[in-house]
Amino acid sequence: DLYIMLLTFPLSGLLIWIIIGKGLDSLDSVAREVANRAPSQLEPIDLSGVPDEIRPLIDELNNLFNRLQQAFYREKRFAADAAHELKTPLAALKAHAQVALRTDDIKERDKALHKLIECVDRSTHIVQQLLTMSRLVPETTLINDMSEVNLAKLAMDIIAILAPAAIEKQIDIALDCQQKQIDISGNYTALSILTRNLVDNAIRYTPEGGTITVMVKEKDEYIVLSVIDDGPGIPKELRARVFERFFRVLGNKAPGSGLGLAIVSQIASLHLAKVQLNSPETGKGLQIDVIFPKKIDPTDEGSAT
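A. Highlighting the pattern of salt bridges. Scanning the entire structure with this criterion turns up two salt bridges. For the salt bridge of Lys 153 with Asp 157, the shortest nitrogen-to-oxygen distance reads 3.1 Å. With Lys 153 and Asp 157 both in helix 4 (residues 151-168) and four residues apart, the pair spans about one turn of that helix. For Lys 153, a relative accessible area of 47% gives the class partly exposed. The shortest N-O distance in the salt bridge between Asp 200 and Arg 204 comes to 2.7 Å.

Written out as structure tokens, the structure reads:
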């Protein structure tokens, strides 16, 4: 028995070592592939030949590579967008500053300085919009930080903040809401950004002496936030495109970045809301409706249309 044990134990150990070594070969192969990758090489790892026991681990690793690839792409796109959008206003800043320095005419100098301030304001607006857009990524946790938000009061606060810009253009802006308390589940900061962009866009594109109505109302299982203006409106064939980044309707001379409605669409999507562009009952201008569900289940997924 002792001789048999002395013979079988080493053979069993050798057999186990061979079996385990063969099983770990695939892990060594994966480890070598990951170790030899360049920092920018984020393609999925080939799952062929990978044992079923470690396949879930490799799947999650591939998902991580995919998220990293998307994050790097967003960073590159943000840098490219910022460079593209700021190039024109910065060139205009330099031109107006040079005019102000070279002229001895006080009126011409004042005009150049006013133009300079307008360029600074536009650049600031573009930077703010770009930063907001960069934060609204699929992995954002805004939707998880929810509370009961009084949409009627929020709309009133936004109107109060933007009222000076409306008064400057002699635009009559009003809130139409039958109730003082209309609550929805959402993130207060994100909903403030959404409402501000809608009202700000309306002020920008409504001509002097026009009217803007912000309406909040309950409808069945939904709460609808509407911003109605009597500006030039948007042709029906272009309404689907205005949610694209940097898209602007040709012929519009109002200052803007082309990001406002893209931000609105993203925030609405995070709140499982829908965005609809309609013509007002008067037939003139534009009516933007954001239709929110009264209650949001964070586990659901939604999209803005």
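B. Focus on the environment of Ala 190. Following the sequence through the fold, Ala 190 ends up in helix 5 (residues 188-205). Exposure remark for Ala 190: the relative accessible area of 3% places this residue in the buried category. In sequence terms Ala 190 and Val 264 are 74 residues apart; their C-alpha atoms lie 9.2 Å from each other.

C. Up close: the sheet that holds strand 4 (residues 211-219). Ordered by their spatial adjacency, five strands build an open sheet running 2-4-5-7-6, and the pairing between neighbours is mixed. Each having just a single partner strand, strand 2 (172-176) and strand 6 (274-278) make up the two edges of the open sheet. Recorded for the sheet is a direction-independent mean angle of 15 degrees between the axes of neighbouring strands. One ladder, built from eight bridges, connects strand 5 (residues 222-229) with strand 7 (residues 286-293); its direction is antiparallel. The partner of Leu 225 across the bridge, within strand 7, is Val 290. Here helix 4 sits on the sheet and contacts strand 2, strand 4, strand 5 and strand 7; the angle it forms with strand 2, its principal contact strand, is near 175 degrees.

D. A look at the environment of Val 149. Its location among the elements puts Val 149 in strand 1 (residues 147-150). Among all residues touching Val 149, those that are not within four sequence positions of it are Leu 154, Ile 182, Asp 183, Ile 184, Gly 186, Asn 187, Tyr 188 and Leu 191.

E. Expanded view of the packing of helix 5 against helix 6 (residues 260-270). Where helix 5 meets helix 6, the axes come as close as 9 Å, and the angle between the chain directions of the two elements is 145 degrees. Crossing handedness for the pair helix 5 and helix 6: left-handed. For the pair formed by helix 5 and helix 6, the contact residues are Ala 190, Leu 191, Ile 193, Leu 194, Asn 197, Leu 198 and Asn 201 on the first element and Gly 260, Leu 261, Ile 263, Val 264, Ile 267 and Ala 268 on the second. Split into classes, the residues belonging to the contact of helix 5 with helix 6 amount to 10 nonpolar, three polar and no charged.

The rules behind the values
- Residues numbered from 1 in each chain as written.
- Predicted model: local features only at pLDDT ≥ 70, side-chain atom pairs only at ≥ 80, totals over all residues.
- Heavy atoms only, no water.
- Salt bridge = Lys/Arg side-chain N within 4 Å of Asp/Glu carboxyl O.
- Helix = DSSP H or I, 4+ residues; strand = E, 2+ residues; numbered from the N terminus.
- Buried < 20%, exposed > 50% of the residue type's maximum accessible area, 1.4 Å probe, protein only.
- Pairing = 2+ DSSP bridges.
- Axes fitted to C-alpha atoms, helices over the stretch in contact; angles between N-to-C directions.
- Contact = heavy atoms within 4.5 Å.
- Left-handed = near helix turned anticlockwise from the far one by under 90°.
- Nonpolar A, V, L, I, M, F, W, Y, C, P; charged D, E, K, R; others polar.

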